Every structure is written in structure tokens, then in C-alpha cells.
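Spelled out, the chains give:
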Amino acid sequence: MFRLLPTCKGRHFPQYFQSHGTHHQLFSTSASCAQVWYNDVGSENKEIDFEFLFQSCTKTHLAKRLHALLVVSGKAQSIFITTRVVNLYSSLGNVTLARDTFDQIPNKDAYTWNSMISAYVRNSQFHGAVNCLYEMLLNSQVRPDFYSFPPVLKACSNLLDGKKMHCWVSKLGFEWDVYVAASLVHMYCRFGALTVANKIFRDMPFRDNGSWNAMISGFCQNGNAAEALDVLDKMRLEGMKLDCVTISTILPACALMDDILQGKLIHLYAIKHGLEFDVFVSNALINMYAKFGNLGHAHKVFDQMSVRDLVSWNSIIASYEQNGNPDSALKFFSGMQSNGVQPDMLTLVSLASTVAQSRDCQSGRSVHGFILRRCWIVEGVVLGNAVMDMYAKLGIIDYACRVFEEIPSKDVVSWNTMIGGYGQNGLASEAIEVFNLMEGCEDIRPNQGTWVCILPAYSHLGALKLGMKVHGRIIKDSSLLDVYVSTCLIDVYGKCGRLDDAMSLFFEVPRMNSVPWNAIISCHGIHGHGETSMQLFGAMRDEGVKPDHVTFISLLSSCSHSGLVDKGKWCFHVMQEEYGIKPSLKHYGCMVDILGRAGYLEKAYDFIEKMHLRPDASIWGALLGACRIHGNIELGKFASDRLFEVDSENAGYYVLLSNLYANVGKWEGVDEVRSMARDRGLKKTPGWSSIELNNRIEVFYTANQSHPQCEAIYKELESLTAKMKSVGYIPDYSFVLQDVEEDEKEYILMSHSERLAIAYGIISTSHKSPIRIFKNLRVCGDCHNVTKFISKITEREIVVRDSNRFHHFKDGVCSCGDYW
């Protein structure tokens with residue numbers, strides 16, 4: 001912690017302010033008190049060093065004593081001295097005393113008025129600054145000068161006030177003053193009026209560095225990076241030298257333009273002109289290199305800094321945090337503490353994200369405790385949002401909810417974070433509930449971030465109508481051109497079974513980067529249209545869009561769903577050789593799934609053995625899943641042993657192994673695996689299926705008996721089963737994972753959640769209308785076969801989305817070709 005030291009070590013200050021000041025009410029209009037004190041001071045026979053006293057006043061009560069001394073000594077009659085008192089009170093943050101002192105000055109000049117205006121601006125009382133200038137214009141004989149307008153233009157809270165000030169500037173003839181003109185440029189840029197700002201800038205008869213910097217900064221603030229770089233080029237053509245402000249302002253524009261070459265050239269200029277050691281320039285360089293992912297250069301700039309401020313440490317910590325390197329970010333935070341630099345709120349925002357990436361729950365609680373001790377969550381909503389996001393990413397959603405409730409003034413980001421947090425943790429229904437609560441807040445309006453958070457929840461539940469309703473609002477708000485919002489909409493339509501609508505939307509949105517391409521490739525993949533996914537990838541390359549690591553995960557997953565083994569191998573090769581993308585565990589997992597699902601179990605195992613990364617649970621899980629499909633108990637047992645070494649707490653893997661044993665009738669193995677899971681306190685995720693009807697989502701669990709139409713649903717299933725048996729249906733009891741009698745096995749199969757949802761759809765909708773079902777687990781083989789029979793008997797199209805992919809059943813045939 002920093003310790004404030006006294007600034008006055010001389011003898012005069014205590015002599016005047018302590019020996020006398022403690023016995024009198026110094027800031028009083030009482031003539032007798034003032035006279036007594038002045039006589040006492042005069043008896044010292046010493047010259048009062050007022051300059052020293054002004055410099056020594058670091059607290060308001062000391063400034064009051066000095067003010068009283070100036071009054072009794074007669075110095076306060078000087079307009080210059082009294083105006084200096086106004087500035088003193090202002091610098092100490094007491095605008096009320098500054099204004100009281102200002103009002104007592106009988107004959108104010110322009111310098112006095114400018115000081116009062118600046119006092120308001122310095123203390124962020126911008127409305128007071130504007131009113132003060134109007135008071136000067138309307139109620140005094142003093143005219144503003146060119147020092148009056150720059151602070152007032154900074155204080156304007158809206159464009160209308162700014163335009164009024166511009167009129168006065170023009171009327172008084174100050175428009176051609178370089179400082180006033182630069183302030184006008186700043187003001188118009190702040191409100192996004194770049195055309196007006198640029199015209200004022202071009203019309204200036206003389207432009208100094210501050211003017212050029214104002215225009216460059218304005219373009220950067222409004223996201224017009226290309227225009228900012230154009231102004232920089234013109235500045236250099238006119239022979240103007242770049243200063244520290246220019247460089248630190250333009251470097252973010254290079255990051256926005258994705259132009260690292262320009263950024264390096266500016267860095268070279270800074271080195272050539274000796275500006276690279278300026279702390280602002282160094283901080284901007286660190287941020288720029290971080291945006292390009294060039295952490296080596298960012299680290300080098302940081303190491304070469306002779307002076308580092310808090311921003312420097314925040315920048316280097318954020319650099320590693322934003323590039324997914326939490327360990328290095330934490331090391332720099334430790335270095336920051338070792339150097340005695342105290343963190344601020346921005347430090348803690350980066351630290352919270354770093355801890356979330358490191359998956360360290362204990363450190364997350366420590367960060368939260370640090371913030372609570374300083375009451376920072378109450379002071380800043382940004383920090384509260386960061387802590388919520390941290391807990392959500394750590395999977396501790398209850399703590400995230402608690403922090404959300406503690407934030408006194410929630411903004412739209414707070415709501416978005418809570419909605420997204422529930423969605424990230426698979427709690428789509430809860431995410432929708434929070435969104436509905438947000439809609440009830442009059443002072444909160446959804447933004448693009450809200451749509452990006454809520455649309456995946458609709459995708460997860462298959463809530464097509466709710467997604468379409470939001471689509472309408474997005475069109476109304478003109479948010480459709482945002483690439484992330486439009487991509488989420490593509491995802492909603494694709495994952496709700498409306499692939500044609502997803503494609504139509506895809507052709508309407510900007511496709512300059514990989515994000516929408518990844519979404520539409522993935523959507524075709526889960527529908528089993530692997531060939532179409534490959535064609536889209538070809539079109540993406542033809543349009544010059546560079547694929548990223550997500551593109552290849554989508555492609556490999558598409559190949560897996562469609563059994564395209566050779567094309568999957570080709571994608572894996574192209575990713576590395578042509579685009580230089582190193583495979584992650586997700587890419588390896590997709591390749592294991594491609595080989596294993598196609599029956600190449602030994603090749604899948606050999607592939608794992610040759611991996612450059614240590615296999616994680618997803619890799620061994622993919623192999624175990626393939627072993628379950630193809631009934632390879634020996635390799636499945638080996639994969640499960642490796643799996644439990646790296647993740648023994650995931651109940652789903654125990655279910656996979658149990659099902660593998662159950663499929664071949666090894667019930668002793670089933671009992672052993674289930675006993676292991678019980679001993680670890682693990683519970684199987686219950687299977688459920690949902691259907692959206694009449695703007696309501698109905699959810700059915702296996703063997704559900706609580707639905708109001710339960711009797712009608714089971715009656716319909718019995719009728720359908722009888723009809724199916726008459727046309728050749730034979731129940732496959734291998735999918736009953738319990739050792740019970742055959743009649744009970746048939747009842748268990750009939751009460752699977754997807755069959756209950758389908759039966760409910762049949763009795764609740766008109767004849768031949770399509771039915772859409774969403775299931776959280778993989779569809780079992782018998783239910784898959786039954787749904788084909790039902791689609792033929794009822795002459796309906798039945799669309800089922802399970803945890804792996806879509807199945808489109810029509811006329812007794814499934815789109816997956818029985819490969820899923």
C-alpha cells in the first residue's frame with residue numbers, strides 16, 4: 001500500500017497554521033478574530049512566504065486557513081491572488097468553495113471566469129461549466145477569449161450544446177484559433193459527427209500536432225481505422241513529425257485494420273526518433289502486439305521499459321490473458337505485486353478472466369474475496385460483471401447468480417453475462433427465464449450481446465418460434481448485419497431443423513470472415529450432409545475467406561456424421577500443411593471419432609498412439625463410444641481404463657462402458673461399472689425429449705407419468721406398437737440396459753422419452769403435419785427403427801435432433817442412412 005507523506009517539512013507552516021490556527025475560526029467573517037490573528041502574525045516581524053503556503057496546501061482545511069490569512073493580510077483584494085484561491089479549491093476537489101470565492105470577486109476578468117469554468121470541468125461537473133459560460137456571456141461585461149472555449153467544448157454533454165458553443169465561437173471570431181478549432185474537432189468526433197469535424201480540420205489555416213492528433217483520435221474512437229491511417233499519411237506528407245500522442249493514438253488503428261506491417265513501421269519510426277521509451281508509446285505497442293497475438297514482441301517492449309506505470313502492468317497481463325495464456329498472465333501479476341504496484345479494477349478484470357481460463361476455482365474465490373474487501377463490486381459494475389463471468393466459466397453458476405444479485409446497478413452487460421453463463425453451463429431454460437426477467441426491466445434494453453447470448457439457448461432447446469420472434473426484433477433493430485448475431489440466427493434455424501431457412505439467411509449476411517461459414521458448415525454436418533459441408537468449404541476458399549481452427553472442427557465433425565473417412569483425412573492434412581494450423585485435442589478427437597465410428601477401431605487406436613499431444617478424456621471417450629457401437633469389449637475396457645485415469649468424475653463415461661457390457665449381455669460387468677459410479681457419488685444424466693407446441697415447450701423424461709395427457713399418450717403408443725408389429729416391427733431388446741423379463745423390456749422401450757414426445761405430437765397436431773423432437777442423449781437403435789415405422793404409418797415427417805445429429809424420418813426412411 002502507498003503511504004501519503006507530508007509535503008511540508010519547514011518551520012513556517014506549523015508556526016502560522018498550528019500555533020494560531022487552532023485557536024480561531026479562521027474562515028470567518030468576524031473582523032475581531034481576523035484582526036487579532038493578523039496582529040499576532042505581524043508581531044513575528046517576518047515576511048509571509050505566500051508562494052510557499054500555496055504550494056503546501058494539500059488539504060481543504062489548510063486552504064481555508066490560507067484563504068483567511070489572505071483576507072486579513074489584504075492580499076485577497078488582488079484579483080490574481082483570489083483567482084489563485086479559486087484554482088486551489090478546485091485542485092483539491094471542492095468546487096463549492098471555489099464558487100463561493102469566485103462569487104466574492106467584484107470585478108472579474110476573463111482569466112477569473114476561465115478559472116471557474118476549468119474548475120467545473122476538472123471536477124467533472126460539466127453542466128456547471130456550460131452554465132458558467134452562459135452566465136459569462138449573458139450577465140457580465142467580460143467577453144470570453146480563446147481560453148474559454150476548449151474546456152467548455154470538452155464539457156458539452158450532447159451535440160446540441162456543442163453546436164451552440166460552435167455558434168458562439170464563430171460569432172466571436174475564435175474559429176481560426178488552433179486550440180479552439182482542435183477542441184471543436186474533438187467535440188464533434190466525440191459525438192460521432194466526423195464529417196463536420198473533418199471539415200473544420202481541413203479548413204484550419206494552420207494545424208499543429210494537437211490538431212492532427214485530434215482528427216486521428218476521432219477516427220479511431222469511431223472505428224474508422226482506414227481514415228485514421230489516411231490522416232496519418234497526410235500528416236507525414238505535410239512534414240509534421242509524429243509525437244508520442246500520435247503514435248499511441250494510431251497504433252490501435254493498425255490492430256483494427258489487421259495491418260501488422262503498418263504497426264511495425266510505426267514502431268520503427270518511434271525507435272528512430274527516440275520515442276519508444278515513452279511510457280504511453282510502450283503501452284500502446286504492448287496492446288497492439290497483443291491484438292496480433294505476437295506476445296514475444298509485446299514481452300520485449302515491456303522488458304525494455306525503463307519506467308512502468310500501472311497501465312503497463314495491466315497491458316502485459318491483459319495481453320497474455322486475451323491470448324489464452326493464463327499461466328504467464330498470473331506470473332506477471334505476481335511480478336506486479338513484487339514491484340509494489342497496487343492493482344486497480346482493470347487489473348482485477350483481467351485477473352478474473354485469467355483465473356477462469358486456468359480453471360482454478362480456489363483462485364477464483366481468492367480474487368472475489370480481494371474485490372469484496374475493497375467494496376469494488378459496489379463501486380464498479382464492470383468488475384461485478386467480470387466476477388460473474390469468471391464463476392460462470394468455472395461452472396460455479398450459483399456463485400455467479402449470487403454476485404449478480406449483489407450488483408446494485410445492473411447494466412445490460414450484467415444481464416447478458418448471466419444469460420450467457422446459464423447457457424454455457426447447459427441450463428438453457430434458466431437462461432431463457434433470466435432473459436424474460438430482463439425484458440421486464442424498463443431501463444434495460446437488449447443489445448447485440450443479448451441476442452448472441454440468448455439465441456444459443458433457443459438452439460439448445462429447439463425453441464424455433466421463440467428464435468423466430470427474436471429474429472423479427474433483430475431485423476427491427478437493424479442488428480442483422482452484425483456477423484455474430486446473424487451467425488447465431490443461422491445456428492438457431494440449422495439446429496431447429498430448418499436448414500433451408502439457415503441457408504437463405506446465410507446468403508443475406510456478410511461473409512467476409514470464417515464465422516458464418518463455420519456455422520453453416522456445422523449445421524449441414526449435424527444433418528448428415530457431409531458432402532454439402534465439403535462443397536461449402538470449397539466455396540469458402542474460392543471467396544478468399546481464410547478458414548480457422550473452428551472451420552476444421554466443423555468439417556471433421558461433418559465427415560464423422562457422414563462416414564467420409566478419406567475426406568476427413570484430407571481435411572486433417574490440409575489444415576496443417578496448407579494453413580499451418582496445429583491440431584488441438586478437439587481436432588484429434590474428431591479424427592478418432594471418424595475412424596472409430598466407421599469401424600476402424602485399430603486404426604483409431606494407432607492414431608491416438610501417434611498423437612503429439614497427451615490424449616484427454618474426449619479422445620478416449622470417442623474411442624470408447626466407437627467400441628460401444630461396434631461391440632469391441634476388449635478395446636473398450638482398455639479405453640475406459642485410460643479414460644478414468646484422466647477424468648473419473650464424468651458419469652457419462654461410466655454409462656458408455658455400462659452400455660457396452662449391456663449390449664452383449666455381460667450383466668456382471670454392468671453391475672461392476674454401476675457400482676463404481678455409485679461409490680464415487682456420480683449420477684447418470686436423465687434422458688429427456690422436448691417438443692414445442694402452441695408457444696410452449698413440453699419436456700418428457702423416460703417413463704414419465706406426470707403429464708396431464710399421460711393416459712392418452714400411452715394409449716396412442718400401444719396403438720402404434722400394434723400397427724408396427726403388423727408390418728414387421730420386432731423390438732430390439734439389446735437396447736434395454738436392464739436384466740429384466742421380456743414383457744418389461746418392451747414396456748421400457750415403449751416409455752423412452754422420444755416416443756412419449758412423438759406420441760404427444762401426434763395426438764396434439766393435425767393429420768400429416770410435421771413433428772420436431774429434441775433429445776439430450778443419443779437416440780437408441782430401437783427408437784430409431786420405431787420412428788421410421790411411425791413416419792410411414794402416420795404419413796408424417798418426423799425430425800429428431802439428438803446429442804449427435806439430426807434425423808429426418810419420412811416414408812419409413814431416415815436421412816442418416818442408419819449411420820449415426
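Look above for the structure.
These figures come from a predicted structure and were not determined experimentally.

Analysis parameters
Residues numbered from 1 in each chain as written. Predicted model: local features only at pLDDT ≥ 70, side-chain atom pairs only at ≥ 80, totals over all residues. Heavy atoms only, no water. Pairing = 2+ DSSP bridges. Helix = DSSP H or I, 4+ residues; strand = E, 2+ residues; numbered from the N terminus. Phe/Tyr/Trp six-rings, centres within 6.5 Å; stacked < 30°, edge-to-face > 60°. Buried < 20%, exposed > 50% of the residue type's maximum accessible area, 1.4 Å probe, protein only. 1 Å grid on protein atoms, 1.4 Å probe; cavity = no way out; pocket = protein on both sides within 12 Å on 5 of 7 lines; lining within 4 Å. Points joined across faces, edges and corners; volume = space filled by probe spheres on them. Nonpolar A, V, L, I, M, F, W, Y, C, P; charged D, E, K, R; others polar. Contact = heavy atoms within 4.5 Å. Axes fitted to C-alpha atoms, helices over the stretch in contact; angles between N-to-C directions. Salt bridge = Lys/Arg side-chain N within 4 Å of Asp/Glu carboxyl O.

### Some remarks on the pairing of strand β2 (residues 696–701)
Where strand β1 (residues 688–693) meets β2, 6 bridges bridge the pair, whose relative direction is antiparallel. The partner of Ile 691 across the bridge, within β2, is Glu 698. As consecutive antiparallel partners, β1 and β2 are separated by 2 residues, and within that stretch Asn 694 has a phi angle of approximately 55°, a positive value.

### Remarks on the packing of aromatic side chains
For the structure shown, the criterion picks out 27 aromatic pairs. For the ring pair Tyr 320 and Phe 332, a centre distance of 5.3 Å and an interplane angle of 25° mean the geometry is stacked. Taken together, the residues Tyr 320 in helix α19 (residues 310–322) and Phe 332 in helix α20 (residues 326–338) connect sequence positions 12 residues apart. We classify Phe 332 as buried; its relative accessible area is 12%.

### Quick look at empty space enclosed by the protein
Under the definition given, this model contains 3 cavities of 30 Å³ or more. Its boundaries defined by the atoms lining it, the largest cavity holds a volume of some 40 Å³. Lining the largest cavity are His 267, Glu 276, Phe 277, Ser 282, Leu 285, Val 301, Gln 304 and Met 305. Among the secondary structure elements, those contributing two or more residues to the lining of the largest cavity are α17 (279–291) and α18 (295–304). Taken together, the residues of the lining of the largest cavity break down into 4 nonpolar, 3 polar and 1 charged.

### Topic: the sheet that holds β2
With mixed pairing, the 6 strands of this open sheet are ordered in space as β2-β1-β3-β4-β5-β6. Sheet topology places β2 and β6 (813–814) at the edges, where each strand pairs with a single neighbour. Strand contacts of helix α44 (residues 753–764): β1, β2, β3 (771–775) and β4 (798–801), with the helix running at about 20° to β1, the strand carrying the most contacts.

### Focus on the pattern of salt bridges
Pairing between side chains of opposite charge can happen when their charged atoms approach one another. Under the criterion given, the structure shown has 21 salt bridges. Residue Lys 495 is joined to Asp 491 by a salt bridge in which the shortest nitrogen-to-oxygen separation is 3.4 Å. Linking Lys 495 with Asp 491, this pair stays in helix α30 (residues 483–495), spanning 4 residues, or about one helical turn. Judged by its relative accessible area of 16%, Asp 491 falls in the buried class. Across the salt bridge formed by Glu 645 and Arg 642, the nearest N and O atoms sit 3.1 Å from each other. Taken together, the positions of Glu 645 and Arg 642, both in helix α39 (residues 633–646) and 3 residues apart, correspond to about one turn of that helix. By relative accessible area, Glu 645 is classed as exposed at 58%. Arg 642 gets classed as partly exposed once you look at its relative accessible area, which sits at 22%.

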